[in-house]
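Notes for the structure review
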Amino acid sequence: MRRFCRSVELCDDYLRGYYGLKVTTKRLLDVLQKSTKTVAPTSEIEIPPPSTATAQRLHELATSKLAEAVRRSTAGERGWDGYDQAEIIAARELLDRDMSDVQR
């Protein structure tokens, strides 16, 4: 998750970075919500995991950025046509899958 955060920090419209951030934060949220105790690092050099609120905000950011990229690229807006069609399709499927989980 931290590496995907760094990638989108370096390039604000990096579609693959937001895709990875959405996937990793979703998995992290699942783990954090199932865990009843606070997860602590196992060694001094290990970084503790982020809070549930931080992971949730990052997940929402990734979702909104992916949705914006899909919407603008599909509409053919100027400046949003540099994405590979397969990347847009994968991002749309990820968003659709996330929406189907919410509706259940």
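Everything here concerns the structure above.
No experiment lies behind these values; they were computed from the predicted model shown.

A few words on the layout of surface pockets. Its boundaries defined by the atoms lining it, the largest pocket holds a volume of some 150 Å³. If you go around the largest pocket, you meet ten residues; those closest to its centre are Val 23, Lys 26, Leu 94, Arg 97 and Asp 98. If you list the elements that add at least two residues to the lining of the largest pocket, you get α2 (15–34) and α4 (85–103). Of all the elements, α2 adds the most residues to the lining of the largest pocket, at five residues.

Across all of its chains, the model carries six salt bridges by this definition. With its nearest N and O atoms 3.2 Å apart, the salt bridge here joins Arg 6 to Glu 9. Here the residue Arg 6 and the residue Glu 9 both occupy positions in helix α1 (residues 2–10), the gap between them amounting to three residues, near one helical turn. By relative accessible area, Arg 6 is classed as partly exposed at 43%. Here Arg 16 makes a salt bridge to Glu 87, at a shortest N to O gap of 2.6 Å.

Okay, the packing of α2 against helix α3 (residues 52–75) next. At a minimum axis distance of 8 Å, the contact between α2 and α3 shows a crossing angle of 145°. In this structure, α2 crosses over α3, and the sense of that crossing is left-handed. Here Leu 15, Tyr 18, Tyr 19, Leu 21, Lys 22, Thr 25, Lys 26, Leu 28, Leu 29 and Leu 32 of α2 lie close against α3, whose contacting residues are Thr 52, Ala 55, Gln 56, Leu 58, His 59, Leu 61, Ala 62, Thr 63, Lys 65, Leu 66 and Ala 69. Among the residues making up the contact of α2 with α3, the classes are represented as 13 nonpolar, five polar and three charged.

Let us look at α3. Here α3 is 24 residues long and its end C-alpha atoms lie 34 Å apart, about the 34 Å a rise of 1.5 Å per residue gives. Within α3, burial applies to Ala 55, Leu 58, His 59, Ala 62, Leu 66, Ala 69, Val 70 and Ser 73. Directly after α3, the chain includes Gly 76, whose backbone phi takes a positive value near 75°.

With that out of the way, let us pick up the packing of aromatic side chains. Across all of its chains, the model carries one aromatic pair by this definition. Summarising the aromatic geometry, the rings of Trp 80 and Tyr 83 are spaced 6.3 Å apart at their centres and angled 40° between planes, so their arrangement reads as tilted. Each member of the pair, Trp 80 as well as Tyr 83, carries the same accessibility label: buried.

Cut-offs applied
- Residues numbered from 1 in each chain as written.
- Predicted model: local features only at pLDDT ≥ 70, side-chain atom pairs only at ≥ 80, totals over all residues.
- Heavy atoms only, no water.
- 1 Å grid on protein atoms, 1.4 Å probe; cavity = no way out; pocket = protein on both sides within 12 Å on 5 of 7 lines; lining within 4 Å.
- Points joined across faces, edges and corners; volume = space filled by probe spheres on them.
- Helix = DSSP H or I, 4+ residues; strand = E, 2+ residues; numbered from the N terminus.
- Salt bridge = Lys/Arg side-chain N within 4 Å of Asp/Glu carboxyl O.
- Buried < 20%, exposed > 50% of the residue type's maximum accessible area, 1.4 Å probe, protein only.
- Axes fitted to C-alpha atoms, helices over the stretch in contact; angles between N-to-C directions.
- Left-handed = near helix turned anticlockwise from the far one by under 90°.
- Contact = heavy atoms within 4.5 Å.
- Nonpolar A, V, L, I, M, F, W, Y, C, P; charged D, E, K, R; others polar.
- Expected span 1.5 Å × (residues − 1).
- Phe/Tyr/Trp six-rings, centres within 6.5 Å; stacked < 30°, edge-to-face > 60°.

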